[in-house]
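# Results of the structural survey
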Amino acid sequence: EAAVTQSPRSKVAVTGGKVTLSCHQTNNHDYMYWYRQDTGHGLRLIHYSYVADSTEKGDIPDGYKASRPSQENFSLILELASLSQTAVYFCATYRGSGNTLYFGEGSRLIVV
Amino acid sequence: GEKVEQHESTLSVREGDSAVINCTYTDTASSYFPWYKQEAGKSLHFVIDIRSNVDRKQSQRLIVLLDKKAKRFSLHITATQPEDSAIYFCAASLDTNAYKVIFGKGTHLHVLP
């Protein structure tokens, strides 16, 4: 049973449109993250959260917003999608203190 | 902030040989170094880690070495098998700020028959 589930798994969006990627966890972990994966760049941290109703900027937050309405749910919002945001997005959870990150299956976003 | 450099973007080895993937980091305060594996078309999953209080850790065919002076760590996969073919990511984090895990760019390992 998947502990970190992402939706949608795949999406094609138009430039300038709004995109919301959702993540749900059953790990009961405090920390949740959004990473994007691009060829040649590895994984880069966009936003993260360590408690409900609070989010923090990661290394590449520009053009993205995040929302953590509950411990289980963490969303990534692209208000005005751009071509450069075409990527695979991974949600992850983390218990903290040097433990393992648990990743979702990924969401492939194509902006046209 | 911390930067993690993964030196090999692609690595090809013959089945049964060993593979070595090298990473360096910049922040001397980093103390936790995990490795993740991503098989084709799939998500990432944890494979092995090492903390700064040791310089070697082994889990079956996986060995991680840590050289704190050189700020370098490496993953050794012995007796490689076809199922080892994947992208491997090294990462680093601070124990005190363990929420922030910084990844390298990944090494695509090909195990050739």
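Remember, predicted model here, so these are calculated numbers, not experimental data. Numbering of residues starts from 1 in every chain and runs along the sequence as written. Written order determines the labels here, with chains lettered from A and ligands numbered from 1. The predicted nature of this model means local features are confined to residues of pLDDT at least 70 and side-chain atom pairs, given and counted, to a pLDDT of 80 or more, with totals for whole chains, interfaces and linings taken over all residues. Side-chain calculation: all heavy atoms of the structure are included, whereas hydrogens and water are not.

Let's shift gears to the overall build of chain A. Each helix is a run of H or I in the DSSP string that is no shorter than four residues. Each strand is a run of E no shorter than two, and both are numbered from the N terminus. The number of helices and strands found in chain A is zero helices and eleven strands. If you list the helices and strands of chain A from N to C, you get β-β-β-β-β-β-β-β-β-β-β. Here the globule rule reads 2.2 Å times residues to the power 0.38, and the radius of gyration is calculated from C-alpha atoms. Its C-alpha radius of gyration of 13 Å places chain A within 12% of the 13 Å reference for a compact globule of 112 residues. Summarising its shape, the C-alpha atoms of chain A cover approximately 40 × 25 × 25 Å along the three principal directions. For the exposure calls, accessible area comes from a 1.4 Å probe over protein chains only, and a residue counts as buried if that area is under 20% of its type's maximum, exposed if over 50%, partly exposed in between. Every one of the 112 residues in chain A was classed for burial, and the buried ones make up 50%. Pairs at least 24 residues apart make up 53% of the contacts formed inside chain A by residues separated by at least 6 positions. Every accessible area reported is derived by Shrake-Rupley at a probe size of 1.4 Å, with residue values counting cover from the shown protein chains alone. As displayed, chain A offers around 5,200 Å² of accessible surface, 48% of which is attributable to carbon and sulfur atoms. Counted charges follow a simple rule, with Lys and Arg positive, Asp and Glu negative, and His plus the chain ends left uncounted. Charge positions are represented by NZ for Lys, CZ for Arg, CG for Asp and CD for Glu. Across chain A, 10 positive and 10 negative side-chain charges occur, with their mean positions spaced 6 Å apart. Contacts were defined at the residue level, with two residues in contact if any of their heavy atoms lie within 4.5 Å.

This brings us to the interface of chain A and chain B. Contacts between chain A and chain B engage 21 residues on the former and 19 residues on the latter. Around 1,600 Å² of area is buried between chain A and chain B when both sides are counted, 56% of it from carbon and sulfur atoms. Polar contacts here mean pairs of N or O atoms no more than 3.5 Å apart (in protein, one a potential hydrogen donor and the other a potential acceptor; neighbouring residues in sequence count only if both atoms are side-chain atoms). Here chain A is connected to chain B by four residue pairs in polar contact (both at pLDDT 80 or more). Only Asp, Glu, Lys and Arg are considered charged in this grouping, and only Ala, Val, Leu, Ile, Met, Phe, Trp, Tyr, Cys and Pro are considered nonpolar; every other residue, Gly among them, is considered polar. Class assignment for the residues of the side of chain A that touches chain B results in ten nonpolar, nine polar and two charged. Accessible-area loss on putting two parts together, using a 1.4 Å probe and summing over both, is the definition of buried area adopted here.

Looking now at the pairing of strand β6 (residues 54-57) of chain A. Residues and elements named next belong to chain A. Inspection of the sheet shows strand β5 (residues 42-51) paired to β6 by three bridges, in the antiparallel sense. For H47, the partnering residue across the bridge sits in β6 and is K57. Here, strands pair whenever DSSP counts at least two bridges between them. In this structure, the hairpin formed by β5 and β6 is closed by a connection of two residues, where D53 is found at a positive phi of approximately 70°.

What is shown is where atoms sit, not what they do.
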